[in-house]
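Each chain, letter by letter, is given below.
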Amino acid sequence: MANEVFLKLSGIKKSFGGVHALRGVDLEIRRGEIHCLAGENGCGKSTLIKAISGVHEPDEGTIWIDGEEMKHMKPMDAIGKGIQVIYQDFAVFPNLTVAENIALNGELKNKSKFVSWRDVHEVAARAMSQVGANIDPDVRLERLSVANKQLVAICRAIVNDAKLLILDEPTTALTAREVEKLWAIIRSLKEKGIAIMIVNHKLDEIYQIADRLTILRNGAYISSGDISEYDQARFTRDMTGHDIVEDKYAPEKSSEEVLRVEHLSRKGSFEDVSFTMYRGDVLGITGLLGSGRGEIGEALFGLAPADSGTIVLNGRTITIKSVSDAIANEIGYVPEDRLTQGLFMDRSIQDNTIAASIRAYMKGGKLDEKGMEDATNRWIKEIDIKAPSPKPAVRTLSGGNAQKVVIAKWLNTNPKLFILDGPTVGVDIGAKAEIHAILHDLAAKGIGIIVISDDLPELVQNCNRILVMKDGRCTGIIDNSIDEVSLGKMLIGA
Amino acid sequence: MNNQKAGTARRLPDTHILTIIGLMALVLIMMLFLQPGNYFSLKNARSMIYQFPEYGILAFGMMVCMIAGGIDLSLVGIMNFTGVIAALIVKHMVPAEGGPMTAAAIILAVAAAIVIGCACGAFNGFIIGYFHIPAMLVTLCGLQLYTGLAYGITGGPAINGMCDAFKAISNGSIAGIPYVLFIFIAVFLLVTFVMKSTVFGHEIYFLGSNARASRYSGINTLKVTIMTHAFSGILGGISGILITSHLNSAKSSNGSTYTLLTLLIVVLGGVHPDGGKGKVLGVTLSTILLQLIANAFGLLHMDDNAKTFVNGCMLVAALLLDVYLDKRAAKRN
Amino acid sequence: MEKKQKLLLGLTSTPMILIYVMAVFCLIAALRQPAFLSPATLINLCRAGIFTMCFAICEMVVIISGGIDVSFPAIGCVAMYVPMWLYNHDMGVDSVFFFFGVAMLIGLVFGILNGVLVSFLKLPPLIATLATSSVASGGLIMLLGTREYTSLPPSLDALYSVNLITFTDPATGFKYPLTILILVPVFLCIIVALIMKYTMLGRGLYAIGGDKNAARVAGFNVIVLQFIAYIFCSVMASATAMIYTTLMHSSTTTALMGEEMIIIAACVVGGCRLTGGHGSVGGTILGVLLITLVRNNLNMLGIPTSWQTFAVGLVLLLGAVLSSIQARRIEKMGKI
């Protein structure tokens, strides 16, 4: 039974308006296995999920489920065949109770007209005991943590008699302990013969959980096989198409201090964090979710200010209690979620570029239109944003170019300290390298650069020092001679 | 906003403005056949000019709030409340025999209306921004509160019989051109300047396009929300003066159709109900278009309620145009 | 510890606060005017609350589904005016079924219009229903003119005279009859409460109010559900308008205009969130009680009735602020 193929795709192609999202993908998932689908952002992973779940019909290629060829598959057909997808946002109802969230889909599937609350509770209790969850069934979902919401989504999926469970990047919003728990649940589901496909691109996590692995790149199938067939070198090569690059960022040694942070604490987020940055330094801050890595950035930028500790920027002690304090002290911040926190999608490149520095263009009681346009043009040239003019809406730009606009927004404020949270998430390889080059240039000019990320290869290559956070505390500041596997072990404290 | 115009690569003129100009031409051509003599007369033009500034200015207030991602349903309430206050000041402080005190009292009345309008708006903005309650609910509540204040102060009946100098604000003219036209043009220039050439104006657009990104760009969203609604309140106060002077009467239920009318003007003028998009010029043109239509209805002896009916239909049509344009833009990307 | 916290939460929940406020209101009123404590007050309150209650239930359903409907007063006016107009122009039969049937048919038509605009064309509900409102109201007066019908046809008059009980004030000899139509809101509340709680239709309305996208993924038909909410609202509001005509002996083209404010206030005070997904029949009943109490007994507190509008606004403001503070408090309690 273990080797029986449940889902088979061959030669799946799909394009949207001339853009090839999938160019011939093969995939085989067996019953009772944990299969990882890996690939860099934009490799077509999400389109593939949508093809499997019947949301998008492929242009070419065939899908077999349980040995049956599926034609014109609709979402309901896929669900009927036992395919359940847990999306990154879980698609749960915040205003309904846990029990109802778990049981509602089943009732819908049975086309029942009435709700028996006794049944709802029974179904929920059964599902929760199956995955070993212990959540108060009468609590509204909006009160649950991300991990528990995910549990509810998993419970809901197995209630509906899942044979293949697809999880889209399930660990991005989980803390280390929660990830462990999730793996335990997934292994127990595997024991029950359910096939599991996990979309992920973090090597350490894939090694922890996967039986087999399929790698996509640029919408095309690259390789597939047992996890034992992959070592780190092959994984990186298949993922990126390049061999591991060995040249790591190494600035000239300097004793000119840029930033000194001492005993910085914020209750419930992080405690007693101290570090010093010198001219040319690019400091990486890493850690698992909930370790306090992002919160340090938010504290330095005043979004969630620190309760205690000192910050000395260029020899001057500063206090940061709000975003305006941070901006007054010439600190820039690129937030983790570009779309909702970083950009005004419907506004022009120019508007986005000057958004944080607009007060500088007040001249004689009036905004200097020409000045704003010139500044935008300068940045377009300087950091190579691919756009014909400052006028198009940011929505029309690709991920990498949009991220450059966010960077330009802060460069236009002439920051002395520049904090970037996940600067290359959703950015293609070419633009990624360009963004790193920009950061290195800035560091050389004496601007303090802090990169917060969970992308370990990125950190090792581009930061000369890395601060590791665990459970709100700094467990060490290391230089980049470390390799990413040992760094990964440091994160979980092994 | 010129950056709006260039949203598409080929620098097409704004579809909304083209539509409005087209509709204006249509109305004018129709009237050319139906009522050429009456419609195209100086007298008629003047009568139109006397009417539109009071709700045109109100529409600017609605526009500002909607661009900031909210809505201001309390404008009519603010208008009547400030109108009542101004009327009370004029009634009680203008001496019967006239003299310099008259001017002082009128200036005081105007200032009071504007300050109170500003305070009402700021109150709305504070509740919206501080408690994170939807603008729709807060301003609906504001409408009730300010209308209630006006009603409570007057006790029901209208305040009538203002002095001639006060009446002249909305009814007087210089060289045949009504004062209100100058007031409207002044307000138009002010709003255009604020929206286009000040930091505050840009912050309103930023807030409406993405409130979170605004915060992450260092914009104090609470302050901008309060200022936006206060600005809208000031415009409501100006309208309050105009309508009180125009009707020579102040009460809590004046201009009850203006909420719908201003919404119609603003949506027709190309302001997006979700915020972030809209131009002062579009709103101005759509104000004038609606005045042209209203006036045509009057001359054709059509019922006032027919106007309400048509306005409702046009509001739906304007929204549908928005939906269509959005879809087309989405397809192009 | 946990029990204590739960008790505290229960005692400071929104419905309990509403009950406290009403108790204080009644206490002050009773101290100032001992006559307040008589069955007559209760009967007056019930009579006054009939329409508010029915309208509020209609509006609640729409708000739970994530929308808002400000067109029901205008639709109600059309629904109360057209049957009377038909009857007075010898185009109707004198039957309760005819009057209510025509009214509800009119409600159906406008409900479909709202449904098309909001769920099909995806226009913002507030603006769309405002447009419907002006189409209904403007169109009505334009086509049928405006006058007031004050005499009821015999069939409605007969309905009017059926009373459940009649209380006679022993001191003054005034009679306070309680109409049988009070049963309409009572049954409406029970039926809607059951539907919202025990049918997939009701749960679906909560679901689309909570998260439209999740509802779509789960397999709910979002468009149909929104349609049902708007149609229910219009049809029931039209029937309520006919009850209004029966009880008030009046049918005009503008009788109900402006009512939407008070109804939305009642819903919001009763715990509905304008963002959708939250609200209950029980809460709405409390909201209606409070609003009706404030509207009709302000003078008992020594406040002139001309301040009634302001008072309703104040209640709405406090209700909105209260629910925002409650939401924040729950947020602060942390995730579990």
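Residues numbered from 1 in each chain as written. Chains lettered and ligands numbered in written order. Predicted model: local features only at pLDDT ≥ 70, side-chain atom pairs only at ≥ 80, totals over all residues. Heavy atoms only, no water.

Chemist: What's the story with the overall build of chain B in this structure? I'm lost.
Modeler: For chain B, the count of helices and strands is 15 helices and four strands. The C-alpha atoms of chain B give 20 Å as radius of gyration, which agrees with the globular expectation for 333 residues (20 Å, within 12%). Here chain B, with 333 residues, has 59% of them falling under the buried criterion. Long-range contacts, defined as pairs at least 24 residues apart, comprise 79% of the intrachain contacts of chain B with a sequence gap of at least 6. Of the roughly 12,900 Å² of accessible surface on chain B, a fraction of 68% belongs to carbon and sulfur atoms. Where the 19 positive side-chain charges of chain B centre and where its 11 negative ones centre are 10 Å apart. (Helix = DSSP H or I, 4+ residues; strand = E, 2+ residues; numbered from the N terminus. Rg over C-alpha atoms; globule rule 2.2 N^0.38 Å. Buried < 20%, exposed > 50% of the residue type's maximum accessible area, 1.4 Å probe, protein only. Contact = heavy atoms within 4.5 Å. Areas by Shrake-Rupley, 256 points an atom, 1.4 Å probe, with all protein chains shown as cover. Lys, Arg positive; Asp, Glu negative; His and termini not counted. Charge placed at Lys NZ, Arg CZ, Asp CG, Glu CD.)

Chemist: Would you take a moment to explain the overall build of chain A for this structure?
Modeler: When its secondary structure is counted, chain A shows 17 helices and 22 strands. Radius of gyration (C-alpha) of chain A: 24 Å, near the 23 Å computed for a compact globule of 494 residues. When burial is assessed residue by residue, chain A has 55% of its 494 residues classed as buried. Long-range pairs, those at least 24 residues apart, make up 65% of the contacts in chain A between residues at least 6 apart in sequence. Of the roughly 20,400 Å² of accessible surface on chain A, a fraction of 49% belongs to carbon and sulfur atoms.

Chemist: So what exactly am I meant to see when it comes to a positive patch on the surface here?
Modeler: A contiguous patch of positive charge, built from B:K327, C:K122, C:K212 and C:R216, is present on the exposed surface. By the secondary structure assignment, B:K327 is in helix α15 (residues 304–332). For B:K327, a relative accessible area of 59% puts it in the exposed group. (Patch = residues over 30% accessible without salt bridge, like charges linked within 9 Å, V, L, I, M, F, W, Y side chains within 5 Å. Salt bridge = Lys/Arg side-chain N within 4 Å of Asp/Glu carboxyl O.)

Chemist: Could you clarify how one ought to interpret the pairing of strand β12 (residues 270–278) of chain A in this entry?
Modeler: A regular strand places its side chains so that they alternate between the two faces of the sheet. Residue and element names in this part refer to chain A. Here strand β11 (residues 257–266) runs beside β12; their pairing, made up of six bridges, is antiparallel. Opposite V261, over in β12, you have F275 as the bridge partner. From the end of β11 to the start of β12, which pair antiparallel, there are three residues, and G268 there has a positive phi angle of about 85°. (Pairing = 2+ DSSP bridges.)

Chemist: Quick question: what am I supposed to make of the interface of chain B and chain A here?
Modeler: A common way to state how big an interface is: give the accessible area lost once the parts meet. Counting residues at the interface gives 29 residues for chain B and 34 residues for chain A. Of the roughly 2,600 Å² buried where chain B meets chain A, counting both sides, 55% is carbon and sulfur surface. Considering only the surface of chain B that becomes buried against chain A, B:V199, B:F206 and B:Y216 emerge as the three largest contributors, covering 27% of it. Taken together, the connections running from chain B to chain A amount to one salt bridge. Of the charged contacts, one joins A:R359 and B:E203 as a salt bridge, the two residues approaching to 3.0 Å between their closest N and O atoms. Counting the contacts that link chain B with chain A gives eight residue pairs in polar contact (both at pLDDT 80 or more). Every element with two or more residues in the side of chain B that touches chain A is listed here: α1 (2–5), α9 (179–197), α10 (199–209) and α11 (211–216) of chain B. At six residues, the largest contribution of residues to the side of chain B that touches chain A is made by α10(B). When its residues are assigned to classes, the side of chain B that touches chain A shows eight nonpolar, 14 polar and seven charged. (Buried area = accessible area lost by both parts, 1.4 Å probe. Polar contact = N/O pair within 3.5 Å; in protein donor to acceptor, adjacent residues only side chain to side chain. Nonpolar A, V, L, I, M, F, W, Y, C, P; charged D, E, K, R; others polar.)

Chemist: When you look at the sheet that holds strand β15 (residues 316–318) of chain A in this model, what are you seeing that I'm missing?
Modeler: The strands making up a sheet are joined through hydrogen bonds of the backbone, oriented either antiparallel or parallel. All names here are of chain A. Reading across the sheet, the four strands line up as β12-β11-β14-β15 and stay open at both edges, with antiparallel pairing between neighbours. The open sheet is flanked by β12 and β15, the only strands paired with a single partner. The sheet shows a mean angle of 20° between the axes of neighbouring strands, direction not considered. Lying on the sheet, helix α9 (residues 293–300) is in contact with β11, β12 and β14 (308–313); it crosses β12 at an angle near 70°. (Axes fitted to C-alpha atoms, helices over the stretch in contact; angles between N-to-C directions.)

Chemist: Before we go on, may I ask you to explain unusual backbone geometry in this structure?
Modeler: Across the chain, the bulk of peptide bonds are trans and the bulk of non-glycine residues have phi less than zero. In this structure, A:A91 is a non-glycine residue whose phi angle is positive, near 50°. Mapped onto the fold, A:A91 is located in the loop between β6 (83–86) and α3 (98–109). The phi dihedral of C:H249 falls on the positive side, at around 55°, and the residue is not glycine.

Chemist: Any chance you could explain the packing of aromatic side chains here in plain terms?
Modeler: In this description, an aromatic ring pair is defined by two values, namely the gap between the centres and the angle between the planes. The full count for this structure, using the stated rule, is 19 aromatic pairs over all chains. Measuring from ring centre to ring centre gives 5.1 Å for C:F55 and C:F72, while their planes differ by 35°; the resulting arrangement is tilted. Placement of the pair is C:F55 in helix α3 (residues 39–64) and C:F72 in helix α4 (residues 72–88), with a sequence separation of 17 residues. We classify C:F55 as buried; its relative accessible area is 1%. On the accessibility criterion, C:F72 (1% relative accessible area) is buried. Centroid distance C:Y87 to C:F99: 5.5 Å. Interplanar angle 65°. Geometry classified as edge-to-face. Of the two residues, C:Y87 sits in helix α4 while C:F99 sits in helix α5 (residues 96–120), which places them 12 residues apart along the sequence. Its relative accessible area of 0% is what places C:F99 among the buried residues. Members of the aromatic cluster, connected to one another through ring pairs, are A:F301, A:Y333, A:W410 and B:Y216. Positioned above the aromatic ring of A:W117 is the side chain of C:K197, whose terminal nitrogen or guanidinium carbon lies 4.4 Å from the ring centre. (Phe/Tyr/Trp six-rings, centres within 6.5 Å; stacked < 30°, edge-to-face > 60°. Lys NZ or Arg CZ within 6 Å of the ring centre and 35° of its normal.)

Chemist: Explain a nonpolar patch on the surface to me, please; I cannot follow it from the model alone.
Modeler: On the surface, B:L26, B:L28, B:I29, B:M30, B:L32, B:F33, B:L34, B:F40, B:L300 and B:M302 cluster together to form a nonpolar patch covering roughly 970 Å² of accessible area. With respect to the helices and strands, the residue B:F33 is situated in helix α2 (residues 15–34).

Chemist: Please clarify how the interface of chain C and chain B should be interpreted in this entry.
Modeler: Across the boundary between the two partners, chain C contributes 35 residues, which contact 38 residues of chain B. Taken together, both faces of the contact between chain C and chain B bury some 3,300 Å²; the carbon and sulfur share is 85%. At the boundary of chain C and chain B, one finds zero salt bridges. Sorting the residues of the side of chain C that touches chain B by element identifies α6 (125–144), α12 (259–269) and α14 (308–332) of chain C as the ones contributing at least two each. Top contributing element to the side of chain C that touches chain B by residue count: α14(C), with 12 residues. Tallied by class, the residues present in the side of chain C that touches chain B amount to 26 nonpolar, eight polar and one charged.

Chemist: Help me understand the pattern of salt bridges, please; the structure alone is not making it clear to me.
Modeler: Side-chain pairs of opposite charge can arise whenever the charged atoms involved come near each other. Residue and element names in this part refer to chain A. Summed over all chains, the structure comprises 28 salt bridges over all chains. Between E257 and R260 there is a salt bridge, with the nearest N and O atoms lying 2.9 Å from each other. Assessed through its relative accessible area of 26%, R260 is described here as partly exposed. The network of salt bridges with shared partners includes E4, R31 and D66.

Chemist: Just to check I follow, could you spell out the side chain of C:S324 for this structure?
Modeler: Tracing the backbone shows C:S324 in helix α14. Within the structure, C:S324 has its side chain in polar contact with the backbone oxygen of B:F131 (distance 2.7 Å). The residues contacting C:S324, other than those within four sequence positions of it, are B:F131 and B:I133.

Chemist: Teacher, can you tell me more about the environment of B:L315 here?
Modeler: Within the fold, B:L315 resides in helix α15. Linking B:L315 and B:V267, residues 48 residues apart in sequence, is a C-alpha distance of 7.2 Å. In contact with B:L315, other than residues within four places in its own chain, are B:L260, B:L263, B:L264, B:V267, C:I127 and C:A131.

Chemist: Please explain the domain arrangement of chain A as it appears in this structure.
Modeler: All names here are of chain A. Domain annotation for chain A reports domain 1 (5–240) and domain 2 (257–492). Computed from C-alpha coordinates alone, the two centres of domain 1 and domain 2 are separated by 33 Å. With 11 residues of domain 1 at the interface, the matching set in domain 2 holds 11 residues. At the boundary of domain 1 with domain 2, total buried surface from both sides reaches about 910 Å², with 51% on carbon and sulfur atoms. At the boundary of domain 1 with domain 2, the tally comes to zero salt bridges. Across the domain 1-domain 2 interface, the total number found is zero residue pairs in polar contact (both at pLDDT 80 or more). Sorting the residues of the side of domain 1 that touches domain 2 by element identifies α6 (176–191) and α8 (232–240) as the ones contributing at least two each. Looking at the side of domain 1 that touches domain 2 residue by residue, the class counts come to three nonpolar, five polar and three charged. (Domains from an automatic or database assignment.)

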